[in-house]
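Chain by chain, the residues:
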Amino acid sequence: MTITTRALIDAGEVVPMLIGGEWVNSFSSVLREVTNPATDRVIASIAYGNSSEATAAADSAKAAFLNWSNSSTRYRADILFRAYELIMERASDIGGLLALETGKLLQEAIGETRFSAEYFRWFAEEIRRPQGEVFASEDRSRRQLSISRPIGVAATLTPWNFPISIQARKVAPALAAGCTVVARPSEKAPLAVAELFRALIDAGIPDGVVNLIYGPASAQSNALIDHDAVEVISFTGSTPVGSALMRQASNRIVRCALELGGDAPFIIFSDADIDKAIEGLAIAKFRNNGQSCIAANRVFVASSRMDEVCERLGSLTEAMVVGDPLGGTKVDLGPLIDQSRVRDVEAIVRDALDSGAHFLGGAPEIPDGPNYTRPGFIVNASHDSALAKEEVFGPVSGVFSFDDEDEVIARANDTTMGLAGYAYTSDQGRIWRLSERLEVGILGINHPLPSVVYSPMGGVKRSGLGREGAHEGLHEFLETKYVSIGVDGL
Ligand code: NAD
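Starting afresh in each chain, residues are numbered from 1 along the sequence in its written order. Since the coordinates come from a predicted model, pLDDT governs what is reported: local features require at least 70, and pairs of side-chain atoms require 80 or more to be given and counted, while whole-chain, interface and lining totals use all residues. Water and hydrogen atoms play no part in the side-chain values, which are based on all heavy atoms of the structure.

Asks: Help me understand the overall build of the chain, please; the structure alone is not making it clear to me.
Replies: Assigned secondary structure in the chain consists of 16 helices and 20 strands. Over its C-alpha trace the chain gives a radius of gyration of 23 Å, about what one expects of a compact globule, namely 23 Å for 490 residues. The cut-offs for exposure are 20% and 50% of the maximum accessible area for each residue type, with area from a 1.4 Å probe on protein chains only; residues under the lower value are buried, those over the upper are exposed, and the others partly exposed. When each of the 490 residues of the chain is scored for burial, the buried share is 57%. Whether two residues are in contact is decided by their heavy atoms: any pair within 4.5 Å suffices. Sequence-distant contacts, at least 24 apart, represent 73% of the contacts inside the chain between residues at least 6 apart. All accessible areas in this document rest on Shrake-Rupley with a 1.4 Å probe, and a residue is counted as covered only by the protein chains that are shown. Looking at the chain as shown, the accessible area adds up to about 19,600 Å², and 49% of this sits on carbon and sulfur atoms. For this count, His and the chain ends are skipped, Lys and Arg are scored as positive, and Asp and Glu as negative. A charge is said to be at NZ when it belongs to Lys, at CZ for Arg, at CG for Asp and at CD for Glu. Separation of charge centres in the chain, based on 45 positive and 63 negative side chains, amounts to 5 Å. Runs of E in the DSSP output that reach at least two residues are strands. Runs of H or I that reach at least four are helices, and both are numbered from the N terminus. We compute the radius of gyration over the C-alpha atoms and compare it with the globule rule, which gives 2.2 Å times the number of residues raised to the power 0.38.

Written out as structure tokens, the structure is:
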């Protein structure tokens with residue numbers, strides 16, 4: 001019988017790391033508690049390593065690299081496909097664990113788990129497509145082509161907000177490409193993600209090809225970046241941390257794929273279908289309790305529709321049910337991940353309210369628990385307030401009015417970030433203009449959920465480097481090798 005993370009927790013046992021094919025405790029037996037953000041109760045203890053575990057995991061990944069990188073694409077694809085099937089079979093259990101450790105709604109957690117599985121299926125298929133090019137040689141005595149080779153050991157460093165799907169979006173293409181992996185998820189949500197690695201082990205992946213470590217972020221990331229076998233850092237998280245990792249990676253010229261912070265504009269034009277726009281905004285703002293890198297961060301509304309939209313947004317938030325997603329009653333919004341997130345969101349809100357802005361509509365009832373905050377939309381914040389300028393990363397947005405298309409494009413682009421953006425309009429010409437002129441890597445027009453496994457996800461400006469998912473995501477883990485062959489007798 002397969003032992004699951006849930007079974008370990010229920011038995012009061014420590015959730016281990018995975019190094020070299022073995023589930024292990026930390027070398028110095030250090031533990032760390034994981035809590036449920038809806039109640040702040042301890043739900044599990046994880047083995048909490050340090051730089052030695054990171055080095056040991058990278059050593060294992062290095063030892064496994066030769067065989068894995070030279071295995072057939074069919075062999076790798078079969079293992080990835082089996083992992084897809086196992087994650088799908090286990091999605092309810094894994095999703096339950098994910099909801100427990102993050103406070104996300106259960107259906108969102110199960111959805112994220114299934115979405116994660118899809119990455120394994122998609123990359124299992126994609127690696128069997130042609131890779132490389134044959135060039136039209138200008139010289140009859142030479143044949144010239146490019147082939148793709150796996151880059152080396154990949155370090156996958158991820159945040160707590162979508163702990164499973166962000167790891168899956170890195171690990172699936174890395175393995176398909178022939179790389180071996182050391183994964184370091186956030187210590188705030190380390191449980192459900194372990195089940196991705198268990199599925200890979202159960203699917204027959206050889207020892208050392210995937211490794212999973214827990215421990216202090218900076219010490220472990222530095223140990224990985226400095227390890228001689230690690231050739232790519234695939235990081236998702238905040239821009240300051242991404243920048244620090246990139247500086248560290250410059251010492252050894254290690255490739256960086258960085259998915260960083262967002263500041264998405266959500267633009268409602270005068271010709272928009274307002275019902276659809278409100279429905280879309282509710283999803284783009286409140287999905288994952290507002291803690292999504294592609295969340296709507298600044299809402300711009302055509303001045304002619306401002307009163308109508310504000311009234312609708314006030315009613316929407318006033319009617320929201322906020323509470324523990326696993327507490328037995330249906331809720332629309334759960335807690336934030338922890339107190340520090342609540343403090344950051346509330347500081348932005350206070351700054352706006354102090355300067356004369358106000359929430360639209362009345363406040364919904366907020367539970368007493370420590371990690372809940374008032375969701376909603378705020379109007380009349382000044383253009384230089386934190387609400388207008390910073391990533392809130394919580395269930396609150398500023399709403400601003402605009403008069404014309406050029407103005408709103410300039411205001412939407414007036415940020416150092418450029419991850420996602422949204423617009424609602426029925427004007428086909430405008431859709432093309434927005435597609436070309438909004439400075440974002442991901443654009444949702446008339447719908448709020450642009451992310452699919454075959455879409456290239458990533459940002460421009462300070463929102464990151466490189467793309468994840470799609471064919472481009474595979475190339476983050478491949479090197480192009482150019483081969484020029486002298487040919488006699490032609
Ligand atoms: P964070 O940068 O603090 O943490 C991300 C990961 O980095 C975690 O595993 C954390 O333990 C680790 N980390 C923290 N400090 C570190 C350090 N000094 N050195 C090495 N690693 C370190 O970010 P967060 O608060 O967990 O997540 C929120 C941010 O992530 C937001 O800005 C959000 O927009 C961004 N994000 C981006 C994407 C994307 O796809 N672009 C997705 C999710 C989140």
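Asks: Where do I start with the site of the ligand in this structure?
Replies: Here, proximity means that at least one heavy atom of the residue falls within 4 Å of the molecule or strand. The ligand sits among 26 residues. The nearest are Thr 158, Trp 160, Ser 238, Leu 260 and Glu 391. The term polar contact refers here to a pair of N or O atoms within 3.5 Å; inside protein, the definition further demands a hydrogen-donor-capable atom paired with an acceptor-capable atom, and it admits residues adjacent in sequence only when both atoms are side-chain atoms. At 3.0 Å, a side-chain N or O of Arg 184 approaches an oxygen atom of the ligand. Residue Glu 259 places a main-chain N or O atom 3.5 Å away from a nitrogen atom belonging to the ligand. For the ligand, whose unbound accessible area comes to 830 Å², protein coverage reaches 83%. Counting only elements with at least two residues in the shell around the ligand, the list comes to helix H6 (163-177), helix H8 (217-226), strand S10 (230-236) and helix H9 (239-250). If you tally residues by element for the shell around the ligand, the top one is H8, at three residues. Tallied by class, residues from the shell around the ligand come to eleven nonpolar, ten polar and five charged. Two domains each donate at least three residues to the shell around the ligand, and these are domain 1 (5-260 + 464-482) and domain 2 (264-452). Throughout, the ten residues Ala, Val, Leu, Ile, Met, Phe, Trp, Tyr, Cys and Pro are labelled nonpolar, Asp, Glu, Lys and Arg are labelled charged, and all others, Gly among them, are labelled polar. For the domain bounds, the source is a domain assignment made automatically or taken from a database.

Asks: Before we go on, may I ask you to explain the state of the cysteines in this structure?
Replies: Disulfides are covalent bonds that link the sulfur atoms of two cysteine residues. Any two cysteine sulfur atoms within 2.5 Å of one another count as a disulfide. Enumeration according to the criterion identifies zero disulfides in this entry. The structure places no disulfide on Cys 179, whose sulfur is separated from the nearest cysteine sulfur, that of Cys 256, by 14 Å.

Asks: Even after reading the chapter, I still don't get the pairing of strand S11 (residues 255-259), so can you show me in this structure?
Replies: Remark: a regular strand shows side chains that alternate across the two faces of the sheet. Of all the five residues making up S11, four are buried; the element is thus mostly covered by neighbouring parts of the structure. Examined bridge by bridge, S10 and S11 share five bridges and lie parallel to one another. Counted as the bridge partner of Thr 236 is Glu 259 from S11. Seen with its strands pointing away from the viewer, a crossover is right-handed when the path leading from the first strand over the helix to the second is clockwise. In this view, the connection linking S10 to its parallel neighbour S11 by way of H9 has right-handed handedness. At least two bridges found by DSSP between two strands is the condition for calling them paired. Sheet topology places S11 next to strand S19 (residues 464-465); two bridges connect them, and they run antiparallel. Across the sheet, the residue bridging to Glu 259 is Gly 464, located in S19.

Asks: Please clarify how the packing of helix H2 (residues 51-69) against H8 should be interpreted in this entry.
Replies: For any two helices packed against each other, one specifies the inter-axial angle together with the distance between the axes. Lines fitted to C-alpha atoms define the axes here, with helix axes fitted over just the stretch in contact, and angles between the N-to-C directions of these axes take values from 0 to 180 degrees. One can describe the packing of H2 onto H8 by two numbers: an axis separation of 8 Å at closest approach and a directional angle of 35°. Judged by the sense of rotation from one axis to the other, the crossing of H2 with H8 is right-handed. Note on element contacts: H8 touches H2 through Ala 219, Gln 220, Ala 223 and Leu 224, opposite Ser 51, Glu 53, Ala 54, Thr 55 and Ala 58. Crossing handedness is read from the near helix: turned anticlockwise from the far helix by less than a right angle, it gives a left-handed crossing, and turned clockwise, a right-handed one.

Asks: Sorry, what's going on with the environment of Ile 79 here?
Replies: Relative to the assigned elements, Ile 79 resides in helix H3 (residues 73-89). In this structure Ile 79 comes out as buried when scored by relative accessible area, which is 5%. Each C-alpha atom, one on Ile 79 and one on Ala 183, is 18 Å from the other, the two residues being 104 residues apart in sequence.

Asks: What am I meant to see in the environment of Asp 307 here?
Replies: Examined against the element boundaries, Asp 307 turns out to sit in helix H11 (residues 306-318). Classification of Asp 307 by relative accessible area gives exposed; the value is 67%. Along the sequence, Asp 307 and Gly 489 sit 182 residues apart, while their C-alpha atoms lie 79 Å from each other.

Asks: Hey, could you run me through the sheet that holds strand S14 (residues 358-359) in this one?
Replies: Working definition: the strands of a sheet are paired by backbone hydrogen bonds and lie parallel or antiparallel to each other. Spatially, the seven strands line up as an open sheet ordered S14-S15-S16-S13-S12-S17-S18, and their pairing is mixed. Looking at the sheet topology across the chains shown, the edges are occupied by S14 and strand S18 (442-445). In this sheet, strand S17 (residues 420-424) lies alongside strand S12 (residues 264-268) in parallel orientation, the contact comprising three bridges. Bridge assignment links Phe 266 to a residue of S17, and that residue is Tyr 422. Helix H14 (residues 405-413) rests against S12, strand S13 (296-302) and strand S16 (396-402) of the sheet, and its axis sits at about 150° to S16.

Scope: geometric values only; no functional claims are made or implied.
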